[in-house]
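Structure at a glance
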Amino acid sequence: MACLTLKATSYFTCSSDTSLPSLPFKPLKLPPFWPWQKLKVGPLSVSPMGFGTWAWGNQLLWGYQESMDSELQQVFNLAVDNGINLFDTADSYGTGRLNGKSEKLLGKFIREFQGQKRKDIVIATKFAAYPWRLTPGQFVNACNASLDRMQIEQIGIGQLHWSTANYAPLQERALWDGLVAMYDKRLVLLIEMSTIQGLVQAVGVSNYGPKQLLKIYEYLKARGVPLCSAQVQFSLLSVGEDQLEIKNICDSLGIRLIAYSPLGLGMLTGKYTPSNLPSGPRGFLFKQILPGLEPLLKSLKEIAQKRNKTIPQVAINWCISKGTIPIPGVKTVKQVEENLGALGWRLSSQELLQLEYAARESPQKMIQNIFQTR
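How each quantity is defined
- Residues numbered from 1 in each chain as written.
- Predicted model: local features only at pLDDT ≥ 70, side-chain atom pairs only at ≥ 80, totals over all residues.
- Heavy atoms only, no water.
- Pairing = 2+ DSSP bridges.
- Helix = DSSP H or I, 4+ residues; strand = E, 2+ residues; numbered from the N terminus.
- Salt bridge = Lys/Arg side-chain N within 4 Å of Asp/Glu carboxyl O.
- Buried < 20%, exposed > 50% of the residue type's maximum accessible area, 1.4 Å probe, protein only.
- Lys, Arg positive; Asp, Glu negative; His and termini not counted.
- Contact = heavy atoms within 4.5 Å.
- Axes fitted to C-alpha atoms, helices over the stretch in contact; angles between N-to-C directions.
- Parallel < 35°, antiparallel > 145°, perpendicular 65-115°, else oblique.
- Left-handed = near helix turned anticlockwise from the far one by under 90°.
- Nonpolar A, V, L, I, M, F, W, Y, C, P; charged D, E, K, R; others polar.
- Phe/Tyr/Trp six-rings, centres within 6.5 Å; stacked < 30°, edge-to-face > 60°.
- Lys NZ or Arg CZ within 6 Å of the ring centre and 35° of its normal.

A word on the sheet that holds strand S7 (residues 122-127). Whenever strands of a sheet pair, they do so through backbone hydrogen bonds, lying parallel or antiparallel. Overall, parallel pairing links the eight strands, which are arranged S5-S6-S7-S8-S9-S10-S11-S12 in an open sheet. If you trace the sheet from one side to the other, it starts and ends with strand S5 (51-52) and strand S12 (325-326), each paired once. Relative to S12, strand S11 (residues 256-260) runs parallel, the two sharing two bridges. Looking at the pairing, Ala259 lines up with Pro326 of S12.

See below:
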């Protein structure tokens, strides 16, 4: 019956339970996640998959043009209408004069969205560890700038975009104190003398390795601030010892792991081949990695065909099945429709093993973010 009440039923599949053959019909076996079912990230309730907005305003890597804004608004509306309420962005998203464009578009789309679901939208934005952000107050100012760009009163999850431990360890402590100040309304009052609530509802980090993740968790905990999320590159193309260690730490400490680039910048979509590469910088990267992905892509295709799914849906579902919240990037209505099909079902344990074995057998892996720390 759940399938009948879904607004966009073509995106989802209900599987049948054949354990009772004597019945005149096959009862529906409800899947583990529907998009309207929510997961907890600290005090927030979010959809089991979110959408990333790195491409919104990025001309260099993703070919953004302002003429795309109309479809991006359709993308946003379709996602929210179908139960997606988590949107990830950053104050550095947008190239050149378009810096901050992603946040501005999100704010505009939220204001213009018609419907009750608007109040449930959770924005997770990341604040860049720029070298001129040297004090907690400057980091709080960055948060206020994001609030101004989006024209919202409070951010859902405020995240430190990367750690400076590798190159500017003294700056790291100031950034951590900035996160504390964003969360703690008393400290915000002291710093800017105007705010009556915390600027963010929850605090998270991005690109933190296991060692730094444990350090910031303890630092924040000692100051009464729970670390609610850790965002890391996590996919069949980039699952290694560090990612698995981070996942184990998150599970043990109650931190929600958010998986960015679950499709490996597009390499796990099945759309590209060594003779059919994307334009721009991605083409160079794909040329180096795609020839070594044949075992993995073959297994993805095999499972997709068996389940009447697409390769991206299987790759995203793998992330969900591993207990993460994937945030695939979207910039077209078609991508939203396809990605929604990753919800409402679950890969079997045998399929998970098959994919992970194929990933190990594929000689090439995704390069890690240069800001990723140990």
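What follows is about the pattern of salt bridges. Overall, the coordinates contain ten salt bridges when judged by the stated rule. Residues Asp88 and Lys126 are paired through a salt bridge, measuring 2.5 Å at the closest nitrogen-oxygen approach. With a gap of 38 residues between them, Asp88 in strand S6 (residues 86-90) and Lys126 in strand S7 connect regions that are remote in the sequence. Summarising the burial analysis for this pair, Asp88 and Lys126 share the class buried. Of the charged contacts, one joins Lys108 and Glu112 as a salt bridge, the two residues approaching to 3.2 Å between their closest N and O atoms. Within this pair, Lys108 and its partner Glu112 are both found in helix H4 (residues 101-112), separated by four residues, close to a single helical turn. Connected through salt bridges with shared partners, the residues Lys306, Arg307 and Glu351 form a single ionic network.

Glancing now at the side chain of Glu172. Along the chain, Glu172 turns up in helix H6 (residues 169-183). In this structure Glu172 is buried but unpaired, with Lys215 as the nearest side chain of opposite charge at 8.1 Å. Look past the residues within four positions of Glu172 in its chain and what remains in contact with it is Ser163, Thr164, Ala165, Tyr208 and Gln212.

Turning our attention to unusual backbone geometry. One non-glycine residue, Asn207, lies in positive phi territory at about 65 degrees. Classification of Asn207 as buried rests on a relative accessible area of 2%. Even without a glycine there, the phi angle at Leu265 is positive, about 60 degrees. Inspection of the secondary structure puts Leu265 in the loop between S11 and helix H10 (281-289). You can call Leu265 buried: its relative accessible area is 16%.

At their nearest, the axes of helix H3 (residues 69-81) and H4 sit 10 Å apart, and the two run at 60 degrees to each other. It follows from the interaxial angle that H3 and H4 lie oblique. Considering only the axes of H3 and H4, their crossing is right-handed. Touching Asp69, Leu72, Gln73 and Phe76 of H3 are Lys101, Leu105, Leu106, Lys108, Phe109, Ile110 and Glu112, all from H4. Residue composition of the contact of H3 with H4, by class: six nonpolar, one polar and four charged.

By the definition in use, this model includes eleven aromatic pairs. Measuring from ring centre to ring centre gives 6.5 Å for Tyr130 and Trp162, while their planes differ by 80 degrees; the resulting arrangement is edge-to-face. Taken as a pair, Tyr130 in the loop between S7 and helix H5 (136-150) and Trp162 in the loop between strand S8 (155-160) and H6 lie far apart in primary sequence, 32 residues in all. Trp162 carries the same exposure label as Tyr130, and that label is buried. The interplanar angle of 20 degrees and the centroid separation of 5.4 Å between the aromatic rings of Phe234 and Trp318 together place this pair among those described as stacked. On the criterion of sequence distance, the pair formed by Phe234 in the loop between strand S10 (227-233) and helix H9 (241-253) and Trp318 in helix H12 (residues 311-321) is long-range, its members being 84 residues apart. By the burial criterion, Phe234 is buried, and Trp318 matches it. Members of the aromatic cluster, each reached through a chain of ring pairs, are Trp56, Phe76, Phe87, Phe109 and Phe113. Its guanidinium or amino end placed over the ring of Tyr219, Arg223 lies 3.5 Å from that ring's centre, counting from NZ or CZ.

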